[in-house]
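# Coordinate inspection notes
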Amino acid sequence: MSGRRLAVGLGALAVLLAACGGPTAQRTTEQVTQPTVRTAPTAPAQPGTLLLTDFGGDTVTFVDPAAGPTGSVRVGTAPWGVALGADGRAWVATAEGVAVVDTRERRLLALVPYRTATGPVTTGEYRGGGMGIALSPDGRRVFVGVNVPGRPGVLEVLDAAEQRVTDGVPVGRRPFDVLVSPDGREVYAVGHDSFDVTAVPVDGLRPRRLEVAPYGTAGGLGSWLKPHYAEVRYDGRLLLPFEGERLAVLDPATGAVTVERMTADTHQHGTALTPDGTLLVVGTGPIGAEDHGPSLTVRSPGGAERLVPLEGPHEDVTVSRDGRTAYVTGGFSRPGGWDGITVVDLATGRAERLAAGRLPLGAVVL
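Remember, predicted model here, so these are calculated numbers, not experimental data.

Attention now goes to the layout of surface pockets. Empty space within the largest pocket amounts to approximately 1400 Å³. Across the lining of the largest pocket, the residue classes break down as 30 nonpolar, 12 polar and 8 charged.

Written as structure tokens, this is what we have:
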């Protein structure tokens, strides 16, 4: 472990004050509504079209990866995560509520308000409202992690048919990501500021906290070394990357965490799994003088890694249906993002930037 892992210097402290880590981050050595008028063409999206959430605006944008943006729909302030149903409806977590979008007709069907009080509608990394979002395998329920500034978050459960909130469950602070187990029996909310994953059984909704802190919890809210996004592996274990150095593998049944080595050596956010089990992880860029630049980690199921350099910060990643192409969003939840995506050929590592959206954060392939 390099010397920069022990503490953040005074020169970096000013950067930390405005960053996702908070004001006192340091490294440790511990091992361990009503529809709006649509602005897009009425022609249905073609297979392979991307849907991006415009965190820097109030829209979602449709993108042809070969040709660029083809239209947008207003959904609500600062949209974050997005989940796509088999019926073509997209569920978008915004600062105002969960937007329901008909992706075939390209129109807003509803904006479902949160049951949880989140304060004034704002923008930026710390804004209140929905963050991670996921659908049950049968498409009947929607699960959204709601950030309550300065307080623990809430996992709200929506009835997809009735488009209304039915339940709320306490979870960790700033639920960046929400996932569902392969069998649909549990939901997982990744608590960024509480170093944890909250596991919530769908039957009974009784939450249990599972700490995930391979560097320890020193620094508290000010630490950089916290979980962001995750993937559920074929065996039900959760994969959570940290700093391009450690991959925390969480067994939600026992709460046990094992740690595997990673090689990107950069702050990391978004994740995706390809159909063959390859893990993709977005490296956002350095937080210390010795960190490496932005990258996309391509990690085989056996643990071998390739790194694809990226130009500028990025936030999240999704993958084409055939598993050959990754789409990396440039919006970034912190300041410094850009209006576009990077398209990566996973076989060759070739990366091309494509202008699209307004600080796009989340993405799905239609």
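Before going further, it helps to examine the packing of aromatic side chains. Tallying each qualifying case throughout the model produces 4 aromatic pairs. Aromatic pair Trp 80 and Phe 176: ring centres 5.1 Å apart, planes at 80°, arrangement edge-to-face. Pair noted here: Trp 80 is in the loop between strand 3 (68-74) and strand 4 (82-84) and Phe 176 is in strand 12 (residues 175-180), with a separation of 96 residues, a long-range link. Under the relative-accessibility criterion, Phe 176 is labelled buried at 1%. One aromatic cluster in this structure is built from Phe 55, Trp 80, Phe 176 and Tyr 229. We note Arg 246 situated over the ring of Tyr 215; from NZ or CZ to the ring centre the distance is 4.0 Å. The aromatic ring of Trp 338 is capped on one face by Arg 353, whose charged end is 3.6 Å from the ring centroid.

Considering soluble globular proteins, one finds that nonpolar side chains tend to be buried as a cluster. By size, the foremost hydrophobic cluster in this structure holds 18 residues, and its most contacted members are Val 197, Val 212, Leu 238, Leu 240 and Leu 250. Every element with two or more residues in this core is listed here: strand 13 (186-191), strand 14 (196-201), strand 17 (238-242) and strand 18 (246-250). Ranked by size, the runner-up nonpolar core spans 16 residues in total, among them Val 112, Val 146, Leu 158 and Val 165.

With that settled, consider the sheet that holds strand 8 (residues 129-135). Sheet architecture is open: 4 strands sit in the order 8-9-10-11, paired in antiparallel fashion. The strands lining the two open edges of the sheet, one partner per strand, are strand 8 and strand 11 (164-170). Sheet twist, expressed as the average angle between the axes of neighbouring strands with direction ignored, equals 25°. Examined bridge by bridge, strand 9 (residues 141-148) and strand 10 (residues 151-159) share 7 bridges and lie antiparallel to one another. In the sheet register, Gly 145 faces strand 10, and the bridge partner there is Leu 155.

This next bit is on the sheet that holds strand 25 (residues 325-329). On the basis of which strands lie adjacent, the open sheet formed by 4 strands has the order 24-25-26-27 and antiparallel pairing. Of all strands in the sheet, those bounded by a partner on one side alone are strand 24 (317-319) and strand 27 (351-355). Direction aside, the axes of adjacent strands within the sheet are offset by 25° on average. Relative to strand 26 (residues 340-345), strand 25 runs antiparallel, the two sharing 5 bridges. Bridging across to strand 26, Val 328 finds its partner in Thr 342.

A separate point is the side chain of Thr 94. When you line up the elements, Thr 94 lands in the loop between strand 5 (89-93) and strand 6 (97-102). Polar side-chain contacts of Thr 94 include one of 3.0 Å to the backbone nitrogen of Glu 96. Setting aside anything within four residues of it in sequence, one finds Thr 94 in contact with Val 75, Gly 76, Thr 77, Ala 78, Pro 79, Ala 99, Leu 111, Tyr 114, Arg 127, Gly 129 and Gly 130.

Rules used throughout
- Here the residue numbering is sequential within each chain, running from 1 through the sequence in written order.
- Note on the predicted model: pLDDT of at least 70 is required for a residue's local features to be given, and 80 or more for side-chain atom pairs to be given and counted; whole-chain, interface and lining totals, by contrast, use all residues.
- With hydrogens and water excluded, all non-hydrogen atoms of the structure serve as input to the side-chain values.
- Both site types are read off a 1 Å grid over the protein atoms alone. A 1.4 Å probe that fits but cannot get out defines a cavity, while an open set with protein on both sides within 12 Å along at least five of seven lines defines a pocket; lining residues have an atom within 4 Å of a point.
- Grid points are joined across faces, edges and corners, and a volume is the space filled by probe spheres set on the points.
- Lys, Arg, Asp and Glu make up the charged group, whereas Ala, Val, Leu, Ile, Met, Phe, Trp, Tyr, Cys and Pro make up the nonpolar group; the residues left over, Gly among them, are polar.
- By convention, a stacked pair of Phe, Tyr or Trp rings (six-membered ring in the case of Trp) has centres within 6.5 Å and planes under 30 degrees apart, an edge-to-face pair has planes over 60 apart, and any other such pair is tilted.
- The way it works is that DSSP assigns letters per residue, a run of H or I at least four long becomes a helix, a run of E at least two long becomes a strand, and they are numbered from the N terminus.
- Working definition: with a 1.4 Å probe on protein chains only, accessible area under 20% of the residue-type maximum means buried, over 50% means exposed, and in between means partly exposed.
- Geometrically, a charge over a ring is one whose NZ (Lys) or CZ (Arg) sits within 6 Å of the ring centre while staying within 35 degrees of the ring normal.
- Residues enter a nonpolar core if they are buried and are Ala, Val, Leu, Ile, Met, Phe, Trp, Tyr or Cys, with the set joined through side-chain atoms within 4.5 Å.
- Paired strands, in this sense, are two strands between which DSSP finds at least two bridges.
- Axis geometry follows a simple rule: fit a line to the C-alpha atoms, using only the stretch in contact for helices, then measure angles between N-to-C directions, giving values from 0 to 180 degrees.
- Any pair of N or O atoms that falls within 3.5 Å is considered a polar contact. Within protein, one atom must be able to donate a hydrogen and the other to accept it, and sequence-neighbouring residues count only if both atoms are side-chain atoms.
- Contacts are assigned to residue pairs with any non-hydrogen atoms lying within 4.5 Å of each other.

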